Amino acid sequence: MESDQNVLQKHVAFFDRNKDGVIYPWETYQGFRAIGSGILLSLVAAIFINVSLSGKTRPGKKFPNLLFPIYLENIHLAKHGSDSGVYDTHGRLVHSKFEEIFHKHAHTSSDALTADELNEFVKGNREPKDYKGWIGGLVEWKFLHHIAKDNNGVLEKDTIKAVYDGSLFEKLAEQKTNSAKKKHTKAKALLKKRTQWEANEKRCMKERRKTTALRRKVIQTRRNWEDLQQVGIEHDNSEVDHEDILETLDYDTLHLAYDPESSTKFNC
């Protein structure tokens, strides 16, 4: 981290999409969508977060702003109770509190938290009758576990550190963008193959029509030739006038009738 000063601001700055220092609900929604959250989850998160925090970041204002803006410069005033204490009252990072999370709750691995250890950590932060703080802490950490757990279902220490300084959101957004690009490239390749297949299928349809006509011609020629042979056998060639049958033969296709490889000529 470059500086401990205003780390809490860095934590939420990702959601200030136009970088004007104010986060509106639609920007919160866009931020959640950018890191891969679904439409419903992003919508609920935007409403919950902005409605909950807007008033706290507008000190001295008697009436709520119905657009529910969150002012980045006052985000430290929106700290809820029953939290980890990693941010102090000025929004600065307290390193000792961050390390304390793992000293107390990382039982399986010293640099990661399992789902059960995360629950233990969240419950351990609860202050008596601070129900809003309980809900806020539970929602935050459950969501973080949902979007940032590794393949083993644990939250790594570096991941948790990254969420505190906001760099995790940038990383997740980049991963989603790269994934979308790969899917787009793959889709283009599949579309190209499909286009080629359709073009080949059209060509094959034309060839099949020609092949069908040729097949009929070959079959008829074969029959005529066999008829001629049969007549010659039955009547001792010298006594038979073969002209009528000979006229029906197409010698250009006769070789196809008895060509062992002729079947391949009928396949597109």
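What counts and what doesn't
Residues numbered from 1 in each chain as written. Predicted model: local features only at pLDDT ≥ 70, side-chain atom pairs only at ≥ 80, totals over all residues. Heavy atoms only, no water. Core = buried A, V, L, I, M, F, W, Y, C linked by side-chain atoms within 4.5 Å. Buried < 20%, exposed > 50% of the residue type's maximum accessible area, 1.4 Å probe, protein only. Helix = DSSP H or I, 4+ residues; strand = E, 2+ residues; numbered from the N terminus. Contact = heavy atoms within 4.5 Å. UniProt positions renumbered as here; feature names shortened; annotations may be inferred. Phe/Tyr/Trp six-rings, centres within 6.5 Å; stacked < 30°, edge-to-face > 60°. Lys NZ or Arg CZ within 6 Å of the ring centre and 35° of its normal.

Per an unreviewed UniProt entry, the protein goes by the name Caleosin-related, EF-hand domain pair and belongs to Artemisia annua.

Asker: Requested: an account of the nonpolar core, with residues and values cited.
Answerer: Counting residues in hydrophobic clusters, the biggest one holds 39 residues, and the most contacted among them are Ile35, Ile101, Trp141, Ile160 and Tyr164. Among the elements of the structure, α1 (7-13), α2 (25-34), α4 (95-105), α5 (115-124), α6 (131-148), α7 (157-165) and α8 (167-235) are those that each provide at least two residues to this core. The element contributing the most residues to this core is α6, with 5 residues. Those residues in contact with Ile101 that sit more than four places away from it in its chain are Ser84, Val86, Ala106, Leu113, Phe121 and Tyr164.

Asker: Can you break down the UniProt feature "transmembrane region" (unreviewed entry) in the protein residue by residue, with the values?
Answerer: The feature "transmembrane region" (unreviewed entry), as annotated in UniProt, sits at residues 34-53 in this numbering. Counting secondary structure, residues 34-53 comes out at 80% helix and 0% strand; the distance between its end C-alpha atoms is 21 Å.

Asker: Just give me the short version of the packing of aromatic side chains, but keep the residues and values in it.
Answerer: Inspection of every chain in the model, using the stated rule, returns 12 aromatic pairs. Residues Tyr24 and Trp26 carry aromatic rings whose centres are separated by 4.8 Å and whose planes lie at 0 degrees to one another, so their mutual orientation is stacked. A relative accessible area of 46% means that Trp26 is categorised as partly exposed. For the ring pair Phe121 and Trp141, a centre distance of 5.0 Å and an interplane angle of 85 degrees mean the geometry is edge-to-face. Placement of Phe121 in helix α5 and of Trp141 in helix α6 is noted, with a sequence separation of 20 residues between them. The exposure class assigned to Phe121 is buried, which follows from its relative accessible area of 2%. Judged by relative accessible area, which is 10%, Trp141 ranks as buried. An aromatic cluster is built from Tyr87, Phe98, Phe102, Phe121, Trp141 and Tyr164, whose rings are joined through pairwise contacts. In this structure, Arg126 is placed above the aromatic ring of Trp134, and the distance from its NZ or CZ to the ring centre is 5.2 Å. Directly above the ring of Phe102 sits Lys157, whose terminal nitrogen or CZ lies 5.4 Å from the centroid.

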